[in-house]
Structure formats: C-alpha cells, structure tokens
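Remarks on the overall topology
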Amino acid sequence: NLANPLVIIITPCYNGEKTAHRMIESVLNQTYSPIEFIFINDGSKDKSGEILEKFKHLDSRLITIHKNNEGLSIARNVGIEIAKGEYLSFVNSDDWLDFDYLEKNTLVIIDEARRVNEIAELNYTEFSERFASLFSGGEVFEFSKNNFISVESLTLKFKQYRLACLQSLSTA
C-alpha cells in the first residue's frame, strides 16, 4: 500500500538486557502502525532472549529469532531474509526511537516519491539529472523511460531503506 507502506524494523541484539526494554517499547509505541519488528538475539549470554519472548507474547508485530553469535552484519542479514514489507530501518539494541520517528520518516519518503513521479512525468531527462544530483554516497538508482524510476535505496538522513534493494544485495 503506497499510502501506508509496511515498515520493518530489524534489531540485532547481543547482551542488551540493560537497554532492550526501552528500545522495544520505543518501537512498539510508534505513531506509525504498519510496522513489523524483527529482533535477532545474536547469541546473548544475558537475559536478552527472555525479554524478547515476554514482549513477543504482548504484540503480534514482534518476531524473534534466536541464533548463535555471528556478529552484527550476519544478524542483520538474517532479518533481511525474512522481512516482508516496503521499507526497512535498522535500530541498534541500545538505541530508542522518538514516538513519531517512523511516521515522520515514512511520510517524507512517500511525499518525495510522489514529487519524483510528478517531475518524471514532466521531463524524464531533466528529472534524471536533477534527482540523481540530490543524492550521493552510493545510493543506487535505476532510470528507465518505461518505468521512470525505481529507487533501489533511499536513505536520506534517517536510515530507512527500500527492502527490495537490501534483499537483492544479500542474495548477490
């Protein structure tokens, strides 16, 4: 649903029992509701796994995965593999989100996508040059006259990604 896309939050956790409550509550109490929360217990030796299981029973949007410790990158990739949705954010287990973080960020992305589509319909060549110049730092854009733009990664400043891009990168 373009108006309310599903946003996935992936949080790897290794020995995060001291901060897990605050972080989980900050995600589950977002004002933006089409979310799914994937929490990966990356072989924690503390009570992080128990905390996750308690929250899992309180909210069906929470998915927990328990695995052996292999590090942050592998834990994130495990989350990406099972994620279903349009956009994805990574939140570390010792971070928390303001209550309207996802709502504000998702609205910016939706508004930008609408603006991009309007520009694309006006002038494809001017659009591609102007839009490509707005972003730097390795974002990948695919421009095509039949499908004016496929934004493979749109990060802006708040670390929210297009899920399809990350899934294609992890299988490459």
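What counts and what doesn't
Residues numbered from 1 in each chain as written. Predicted model: local features only at pLDDT ≥ 70, side-chain atom pairs only at ≥ 80, totals over all residues. Heavy atoms only, no water. Phe/Tyr/Trp six-rings, centres within 6.5 Å; stacked < 30°, edge-to-face > 60°. Buried < 20%, exposed > 50% of the residue type's maximum accessible area, 1.4 Å probe, protein only. Lys NZ or Arg CZ within 6 Å of the ring centre and 35° of its normal. Helix = DSSP H or I, 4+ residues; strand = E, 2+ residues; numbered from the N terminus. Contact = heavy atoms within 4.5 Å. Salt bridge = Lys/Arg side-chain N within 4 Å of Asp/Glu carboxyl O. Lys, Arg positive; Asp, Glu negative; His and termini not counted. Core = buried A, V, L, I, M, F, W, Y, C linked by side-chain atoms within 4.5 Å. Pairing = 2+ DSSP bridges. Right-handed = clockwise from strand over helix to strand, strands pointing away.

On to the packing of aromatic side chains, then. Taken as a whole, this structure holds 1 aromatic pair when the rule is applied. Judged by centre distance (5.6 Å) and plane angle (85°), the ring pair of Phe37 and Phe39 falls under edge-to-face. For the pair formed by Phe37 and Phe39, the shared burial category is buried. One residue, Arg22, lies across the ring of Trp96, its end atom 3.2 Å from the ring centre. Here the basic side chain of Arg76 rests over the ring of Phe90, its NZ or CZ set 4.4 Å away from the ring centre.

Our next topic: the environment of Lys45. With respect to the helices and strands, the residue Lys45 is situated in the loop between strand S2 (35–42) and helix H2 (48–56). Measuring from C-alpha to C-alpha, the distance between Lys45 and Asn69 comes to 9.7 Å, with 24 residues separating the pair along the chain. Apart from the residues within four sequence positions on either side, Lys45 is in contact with Tyr14 and Asn15.

Another point: the pattern of salt bridges. Under the definition given, this model contains 4 salt bridges. Across the pair Glu70 and Lys67 runs a salt bridge, and its minimum N-O distance is 3.1 Å. Exposure remark for Glu70: the relative accessible area of 48% places this residue in the partly exposed category. Here Asp100 ties to Lys104 by a salt bridge, and the two come within 3.2 Å at their closest N and O atoms. Through salt bridges that share partners, Asp42, Lys67 and Glu70 make up one connected network.

Before going further, it helps to examine the side chain of Glu36. Along the chain, Glu36 falls in strand S2. Notably, Glu36 is buried but unbridged: the nearest opposite-charge side chain belongs to Lys84, and the N-O separation is 6.9 Å. The contact partners of Glu36, leaving out residues within four places of it in the chain, are Leu6, Val7, Ile8, Ile9, Arg61, Ile63 and Lys84.

Let us look at unusual backbone geometry. One non-glycine residue with positive phi stands out, namely Asn15, at about 50°. By relative accessible area, which is 34% here, Asn15 ends up partly exposed.

If you look at the biggest cluster of nonpolar residues, it comprises 21 residues, and the most contacted ones within it are Val7, Ile9, Met23, Ile24, Val27, Phe37 and Phe39. When contributions to this core are tallied by element, the ones reaching two or more residues are strand S1 (7–13), helix H1 (17–28), S2, H2 and helix H4 (101–122). If you look at the next biggest cluster of nonpolar residues, it comprises 10 residues, including Ile10, Ile40, Ala83 and Phe90.

Pairing analysis gives 6 bridges linking S2 to strand S3 (residues 62–67), with the strands arranged parallel. Along S3, the bridge assignment pairs Asn41 with His66. For the segment spanning S2, H2 and S3, crossover handedness is right-handed.

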